[in-house]
Amino acid sequence: MPAVTVRDLTRRFGPFLAVDHVSFDVEQGEIFGFLGSNGAGKSTTIRMLCGLLKPSSGTATVGGIDVGRDPEGVKRRIGYMSQRFSLYELLTVEENITFFGGLYGLDDRTLAERRAFALDMAGLKGRERTLTRDLAGGWRQRLALGCAILHEPRILFLDEPTGGVDPVSRRQFWLLINRLSESGVTVFVTTHYLDEAEHCHRLALMHSGRIAALGTVSELKNVFAKRAVVEVRTASPMEAVRALDDLPSVEKTSLFGTALHVWLRPGQRATEPLRERLDGLGIHAESLEFVQPSLEDVFMDVVERAGGTAA
Amino acid sequence: MRRLLFLIRKEFQELRRNPRMFPVIFVAPVVQLAILGYAATTDVKNVPIVVVDADRSPVSRDLIGKFEGSPYFSVVDVTSNDGDVQREIESRRAWMALTIPPGYGDAIRNRRPVTVQIVADGSDSNSAGVGLAYASSLIAEKAAEIALQRRPPGAPTIGSIEARIRVWFNPQLLSQHFMVPGVLALLLMVITTVLGAMSVVREKELGTLEQLNVTPLKRWELTVGKLLPFGVIGIIDVLLVVAVAVLWFEIPLRGSFPLLFGLSLVYLLCTLGLGLFVSTISQSQQQAMMTAVFFFMFPMIYLSGFIFPIENMPAPIRPFTYLIPLRYYLVIVRGIFLKGVGLEAFWKDALLMLGWGVGVLMLATFRSKKTLG
């Protein structure tokens, strides 16, 4: 049985469709990523799955329990951590752990065990009496994660858990998530960091309240299997875009950081026409080589095809 | 139940570490009580009065002496010039003027009726009213003295009606005795309503409320978990303010202290419940503060009988005063403090107050949704 089953889940805010008939399953022990720009509907979806927000229509079951019918039943079985690391700043590390453990109804012995576990996991041993507001972002984030899993939930929801945290802390955080997943915990995570999405077993790309693409990271990248992507490095990328856009062998071009990505039409493998066109117009290209499409390519492609722009 | 204990403990841990809390909870009430107890007084003493003595006789000086000897007046000037009156009253050097006409002494000696004039500055109608009453009673006293002296030895006294006024419960008519118990009611309302109003919405702002909402915490547990810690603070304030009232202002506590204490707890249900309710309908602490102060506290203070007696309000407004818990508590506090009466005198007020408190708490609980619709 899947850990999470979602069918035609919809949420309206007045006339605005935040989530539009979304359906997917999340398997037990899977790290399932929700990727999308701000306002794509990721947070609204996760809030519905956690029982914080009533669905307008459609159904969702979490751990076998219908979220619409028994949101409190769902809450007992899940862990939730949001982008705001909702800890009590005026409480110490230890007091926060004890408080949340108490809310989840842990008895004294379990609470002591889990407190030790959470302190260890967050790397906060010896700092039990530090006020939470004095902790740096990365520590706070790991403490919040520790507090969210005190009651050993089988399903964990993370809503943009790494916002505002430095790259090293982010990497450490993902190590913890991987470990949880290996122990059988289902992790449902939203993010708008594309590099983070690569950690997920499966990804749903969300755009304008709909799931625009869903699959494993390599499946999503395979969308491009038949089309070669050429990365062009040049000092004048804007001119290069204009020069290459109307070549018959080119499907489309896009700026990619400081470089230019050129999608060739299916079956096309030659870079010579590109080189000739650029040389003909006197645009100097430093390099011109085939690259593996990244998730960002996939994301941009999905968004473009959906007729929108990524934020 | 266990969850509730964790919630209460957390609330105290936060309170203890919040440096602004101690002064707000424990210093402010005492300071406010001191200020209001002294400043909010309607007692009139040492009314400055100017005397125009156009008679300049021993008889007129005798009347002036009567005013000089009274604690309620202080004679700022004795003049024979009528024009001084206007100047003195306009400059607020005198609040009242007594004019003794020429021929006053002659008239008294010849047993003819005579009229003296009293002018009062009506721009402060309250003080003017009280001053006028004092002045007329002084003059009436003088008239009685004169009549008594005239009575030939052995002659029967002339029949006259004399009102003997006895003021019950607050014989000196000290406004402090009336105000300080009212200030207790007001202080409790302001402090606990504001604390309540800030509590839930603060967690909303910090994001911790959402975290609480994904736990199995029940709605009533959240309400009670906020109510109890702030209730304890309210209780401490009750004890503190009653102690200052009795020991410092020497307000007599004639009734039962346990009854006062018990009904204060009921009152705290109302004020904290109101605060929690405001908290659930607000999106920010600022909004909660504004809503509590302007939509609830100000109207409540005006309509509760704290400042204006309810009996003097226009009939269409009077029914609204029944919506105000402060009204009931004022009756109870003043009753217990000054009259020494018990439940038999105000059981209706106590019941209505209890109903109000339970009602508003239920409203606050139902408003605090864990799942947004």
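Up top you'll find the structure we're talking about.
Residues numbered from 1 in each chain as written. Chains lettered and ligands numbered in written order. Predicted model: local features only at pLDDT ≥ 70, side-chain atom pairs only at ≥ 80, totals over all residues. Heavy atoms only, no water.

J.: Just checking my understanding: could you explain the overall build of chain A for this structure?
T.: Assigned secondary structure in chain A consists of 11 helices and 14 strands. Counting only C-alpha atoms, chain A reaches 75 × 45 × 35 Å along its principal axes. The contacts of chain A with a sequence gap of at least 6 include a subset with a gap of at least 24, amounting to 68%. Carbon and sulfur atoms provide 49% of the accessible area of chain A, an area that totals close to 13,500 Å². Charge centroids of chain A, computed over 37 positive and 40 negative side chains, lie 4 Å from each other. (Helix = DSSP H or I, 4+ residues; strand = E, 2+ residues; numbered from the N terminus. Contact = heavy atoms within 4.5 Å. Areas by Shrake-Rupley, 256 points an atom, 1.4 Å probe, with all protein chains shown as cover. Lys, Arg positive; Asp, Glu negative; His and termini not counted. Charge placed at Lys NZ, Arg CZ, Asp CG, Glu CD.)

J.: Please clarify how the interface of chain A and chain B should be interpreted in this entry.
T.: Accessible area lost when the parts come together is the quantity often used to give the size of an interface. Between chain A and chain B, the contact holds 33 residues from the first and 29 residues from the second. Interface of chain A and chain B: buried area, both sides summed, is about 2,900 Å²; carbon and sulfur atoms make up 57% of it. Taken together, the links from chain A to chain B amount to three salt bridges. Linking B:Glu210 and A:Arg47 is a salt bridge whose minimum nitrogen-to-oxygen distance equals 2.1 Å. Scanning the region where chain A abuts chain B turns up 11 residue pairs in polar contact (both at pLDDT 80 or more). Elements with a minimum of two residues in the side of chain A that touches chain B: α2 (71–77), β6 (78–81), α3 (93–103) and α4 (108–122) of chain A. At six residues, α3(A) tops the list of elements feeding residues into the side of chain A that touches chain B. When the residues that make up the side of chain A that touches chain B are grouped by side-chain class, the tally is 17 nonpolar, six polar and 10 charged. (Buried area = accessible area lost by both parts, 1.4 Å probe. Salt bridge = Lys/Arg side-chain N within 4 Å of Asp/Glu carboxyl O. Polar contact = N/O pair within 3.5 Å; in protein donor to acceptor, adjacent residues only side chain to side chain. Nonpolar A, V, L, I, M, F, W, Y, C, P; charged D, E, K, R; others polar.)

J.: Would you take a moment to explain the sheet that holds strand β11 (residues 229–234) of chain A for this structure?
T.: Residue and element names in this part refer to chain A. Across the sheet, four strands lie side by side as β12-β13-β11-β14; this open sheet has antiparallel pairing. This sheet does not close on itself; its edge strands, each paired only once, are β12 (250–256) and β14 (285–291). Across the sheet, the mean angle separating the axes of adjacent strands is 20° when strand polarity is ignored. Note: β11 against strand β13 (residues 259–264), four bridges, orientation antiparallel. Bridge pairing in β13 links Val232 to Leu260. Where helix α9 (residues 237–245) meets the sheet, its contacts fall on β11, β12 and β13, and the angle it forms with β12 comes to roughly 170°. In the packing of helix α11 (residues 295–305) onto the sheet, contacts are made with β12 and β13, and the angle to β12 comes to roughly 115°. (Pairing = 2+ DSSP bridges. Axes fitted to C-alpha atoms, helices over the stretch in contact; angles between N-to-C directions.)

J.: Would you explain empty space enclosed by the protein in this entry?
T.: Picture a little ball the size of a water molecule; that probe, rolled over the atoms, points out where space is still empty. With the rule as written, the count across this model stands at three cavities of 30 Å³ or more. The space that makes up the largest cavity amounts to roughly 70 Å³. A:Met81, A:Ser82, A:Phe85, A:Ser86, A:Leu87, A:Phe100, A:Tyr104, A:Ala144, A:Cys147, A:Ala148, B:Gln211 and B:Thr215 together form the lining of the largest cavity. Top element by residues in the lining of the largest cavity is helix α5 (residues 137–148) of chain A. It accounts for three residues. Its residues placed into classes, the lining of the largest cavity shows eight nonpolar, four polar and no charged. The volume enclosed by the second largest cavity comes to roughly 60 Å³. Taken together, B:Val200, B:Arg219, B:Leu222, B:Thr223, B:Lys226, B:Leu276, B:Thr280, B:Ala364, B:Thr365 and B:Ser368 form the lining of the second largest cavity. Only α9 (219–248), α10 (257–281) and α13 (343–367) of chain B provide two or more residues apiece to the lining of the second largest cavity. Ranked by residue count, the leading element in the lining of the second largest cavity is α9(B), at four residues. (1 Å grid on protein atoms, 1.4 Å probe; cavity = no way out; pocket = protein on both sides within 12 Å on 5 of 7 lines; lining within 4 Å. Points joined across faces, edges and corners; volume = space filled by probe spheres on them.)

J.: Help me understand helix α1 (residues 42–49) of chain A, please; the structure alone is not making it clear to me.
T.: Residues separated by three or four positions in an α-helix point in the same direction, a consequence of the helix having 3.6 residues per turn. Across the eight residues that make up α1(A), a large majority, seven, are buried. Looking one or two places after α1(A), you find A:Gly51, whose phi comes out positive at around 80°. (Buried < 20%, exposed > 50% of the residue type's maximum accessible area, 1.4 Å probe, protein only.)

J.: Whenever I open this one, the packing of aromatic side chains confuses me. Can you help?
T.: The relative placement of two aromatic rings is captured by the distance of their centres and the angle of their planes. All names here are of chain A. Applying the stated criterion to the full structure yields 16 aromatic pairs over all chains. Between Phe24 and Phe34 the ring centres are 5.3 Å apart and the planes differ by 55°, which places this aromatic pair in the tilted class. Placement of the pair is Phe24 in strand β2 (residues 16–26) and Phe34 in strand β3 (residues 31–35), with a sequence separation of 10 residues. Each member of the pair Phe24 and Phe34 is classed as buried. Considering the side-chain rings of Phe157 and Phe188, the 5.4 Å spacing of their centres and the 40° angle between planes classify their relative orientation as tilted. One end of the pair, Phe157, is in strand β7 (residues 155–159); the other, Phe188, is in strand β8 (residues 186–191), with 31 residues separating them in the sequence. Residue Phe157 is classed as buried on the basis of its relative accessible area, which comes to 0%. Feature note: the residues Phe24, Phe32, Phe34, Phe157 and Phe188 constitute an aromatic cluster, connected by ring pairs. The positively charged end of Arg127 is found above the aromatic ring belonging to Trp139, 5.5 Å away from the centroid. (Phe/Tyr/Trp six-rings, centres within 6.5 Å; stacked < 30°, edge-to-face > 60°. Lys NZ or Arg CZ within 6 Å of the ring centre and 35° of its normal.)

Take it as geometry only, folks, not as evidence of what the structure does.
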